Amino acid sequence: MARAKIALIGAGQIGGTLALLAGLKELGDIVMFDVAEGIPQGKSLDIAEASPVLGFDAKLSGTNSYEVIEGADVVIVTAGVPRKPGMSRSDLIGINLKVMEQVGAGIAKYAPDAFVICITNPLDAMVWALQKASGLPTHKVVGMAGVLDSARFRYFLADEFDVSVEDVTAFVLGGHGDDMVPLVRYSGVAGIPLPDLVAMNWTTQERVDAIVDRTRKGGGEIVNLLKTGSAFYAPAASAIEMATSYLRDKKRLLPAAAFLSGEYGVKDLYLGVPVIIGAKGVERVVEISLDKSERAMLDKSIASVQELVAECRKIAPDL
Ligand code: TXD
């Protein structure tokens, strides 16, 4: 059986890391696209030259023209500009919305059967714009944010408890913004819910609240440290986990920005919710029960996403 074809639209910090991780996991052949001359060509060649040392087989190539993504099975989109210190994710809309329209057209023309994972910020609005611009079915276009936000939450909890990250599960709902909803009740260690771990004196409620706050601001913490851009290792690893679930039909239950048609009382909006990702794309949106305070936090996050999408509709009314 021929190898899968993975197209990476955007060969920057995240794009380059995606290419390396996809190669290491032997997910398929990789084509990197970017508007910057030489970057996709140089990075793909450099990673190909690492393959004998790292021991993986994959064809890697770089291009500045969309036709080379022809027939891709998975398309991961990081094209656009990242934040700099002092910028909010919504400050990126003006530039990145236009990029999503271009990328959407390229995908519609050359890879209409692909599973598309959008990473570009502001994520919940950009994935909405990408789906509209590409015209692909909504269950084949998702946004990557929840896996990253949950990974940050899981890492901070594993560090707090001094346990393996492998045994920490966590859930984050809502938009990829400071009002995202880390769900304490649905997170824990090896099935022991966080509230029980507080009762067992593994930690205190104050420390859990501080970890939730650090998770919400996780992106900004790295932007302020790096100064020249935003996080890229964990975002890339998170998108690769989603792509792997699609390519290998793993039916992972993962948090992802998925199109809602009434779930959680939301219609025609992309929002971070638990989904099952398999060979058909988003195969199920999972509606978990929320208590009053969780629902209130989700409603706040929904309002923020609706504001971002309204701004996109103003800029690009024909989307
Ligand atoms: O969790 C998440 N979803 C976020 C997403 C986590 C971290 C970063 N997040 C966002 O991903 C970030 O705010 C940016 O919007 C994207 C990509 O971040 P990255 O760090 O990879 O940005 P780079 O290194 O600037 O790479 C962007 C590349 C760069 O090489 C540009 O030349 C290219 O995008 N670019 C384009 N490619 C194709 N088509 C167009 N129009 C285009 N414009 C720029």
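Residues numbered from 1 in each chain as written. Predicted model: local features only at pLDDT ≥ 70, side-chain atom pairs only at ≥ 80, totals over all residues. Heavy atoms only, no water.

A. Up close: the overall build of the chain. Looking only at helices and strands, the chain has 10 helices and 12 strands in total. Taken over the C-alpha trace, the chain has a radius of gyration of 19 Å; the compact-globule value for 319 residues is 20 Å, and the two agree within 12%. Seen through its C-alpha atoms, the chain measures out along the principal axes to roughly 55 × 50 × 40 Å. A burial count over the chain gives 52% of its 319 residues as buried. For the chain, long-range pairs separated by at least 24 residues make up 69% of all intrachain contacts whose partners lie at least 6 apart in sequence. By element, 54% of the accessible surface of the chain is carried by carbon and sulfur atoms, the whole surface being about 13900 Å². Where the 32 positive side-chain charges of the chain centre and where its 39 negative ones centre are 2 Å apart. (Helix = DSSP H or I, 4+ residues; strand = E, 2+ residues; numbered from the N terminus. Rg over C-alpha atoms; globule rule 2.2 N^0.38 Å. Buried < 20%, exposed > 50% of the residue type's maximum accessible area, 1.4 Å probe, protein only. Contact = heavy atoms within 4.5 Å. Areas by Shrake-Rupley, 256 points an atom, 1.4 Å probe, with all protein chains shown as cover. Lys, Arg positive; Asp, Glu negative; His and termini not counted. Charge placed at Lys NZ, Arg CZ, Asp CG, Glu CD.)

B. Fine view of the sheet that holds strand E9 (residues 192–193). Strand order in the open sheet formed by 3 strands is E7-E8-E9, with antiparallel pairing between adjacent strands. Each edge of the sheet is formed by a strand with only one pairing partner; in this case those strands are strand E7 (168–173) and E9. Looking at chain direction, E7 and strand E8 (residues 181–189) are connected through 5 bridges and run antiparallel. Note on E8: the bridge partner recorded for Leu 173 is Val 181. Contacting E7 and E8, helix H5 (residues 146–161) runs over the sheet at an angle of about 140° to E7. Strand contacts of helix H10 (residues 292–315): E7 and E8, with the helix running at about 135° to E8, the strand carrying the most contacts. (Pairing = 2+ DSSP bridges. Axes fitted to C-alpha atoms, helices over the stretch in contact; angles between N-to-C directions.)

C. Expanded view of the site of the ligand. Around the ligand, the structure places 26 residues, and the nearest of them are Gln 13, Asp 34, Gln 102, Ile 119 and Met 144. Met 144 is positioned with one of its backbone polar atoms (N or O) 2.9 Å from a nitrogen atom of the ligand. Burial of the ligand by the protein chains amounts to 88% of its free accessible area of 860 Å². Those elements giving two or more residues to the shell around the ligand turn out to be helix H1 (13–24) and helix H3 (93–110). Looking at which element gives the most residues to the shell around the ligand, the answer is H3, with 3 residues. Classifying every residue of the shell around the ligand by side-chain character gives 15 nonpolar, 10 polar and 1 charged. Here the shell around the ligand gathers at least three residues from each of two domains, domain 1 (5–144) and domain 2 (146–311). (Near = heavy atom within 4 Å. Polar contact = N/O pair within 3.5 Å; in protein donor to acceptor, adjacent residues only side chain to side chain. Nonpolar A, V, L, I, M, F, W, Y, C, P; charged D, E, K, R; others polar. Domains from an automatic or database assignment.)

D. Representation of the domain arrangement of the chain. For the chain, the assigned domains are domain 1 (5–144) and domain 2 (146–311). Each partner contributes residues to the interface: domain 1 has 40 residues there, and domain 2 has 45 residues. For the pairing of domain 1 and domain 2, the buried interface totals around 3500 Å² over both sides, and the portion due to carbon and sulfur atoms is 69%. At the junction of domain 1 and domain 2, the tally comes to 1 salt bridge. Seen at the junction of domain 1 and domain 2, the total is 8 residue pairs in polar contact (both at pLDDT 80 or more). Elements that contribute at least two residues to the side of domain 1 that touches domain 2 include exactly H1, strand E4 (74–77), strand E5 (115–118), helix H4 (123–134) and strand E6 (141–143). The dominant element in the side of domain 1 that touches domain 2, judged by the number of residues it contributes, is H4, at 7 residues. Residues belonging to the side of domain 1 that touches domain 2 are distributed by class as follows: 22 nonpolar, 8 polar and 10 charged. (Buried area = accessible area lost by both parts, 1.4 Å probe. Salt bridge = Lys/Arg side-chain N within 4 Å of Asp/Glu carboxyl O.)

E. Geometry of the UniProt feature "domain: Lactate/malate dehydrogenase N-terminal" (unreviewed entry) in the chain. Within this numbering scheme, the UniProt entry marks residues 5–143 as carrying the feature "domain: Lactate/malate dehydrogenase N-terminal" (unreviewed entry). The distance separating the terminal C-alpha atoms of residues 5–143 is 19 Å; by composition the span is 42% helix and 18% strand. (UniProt positions renumbered as here; feature names shortened; annotations may be inferred.)

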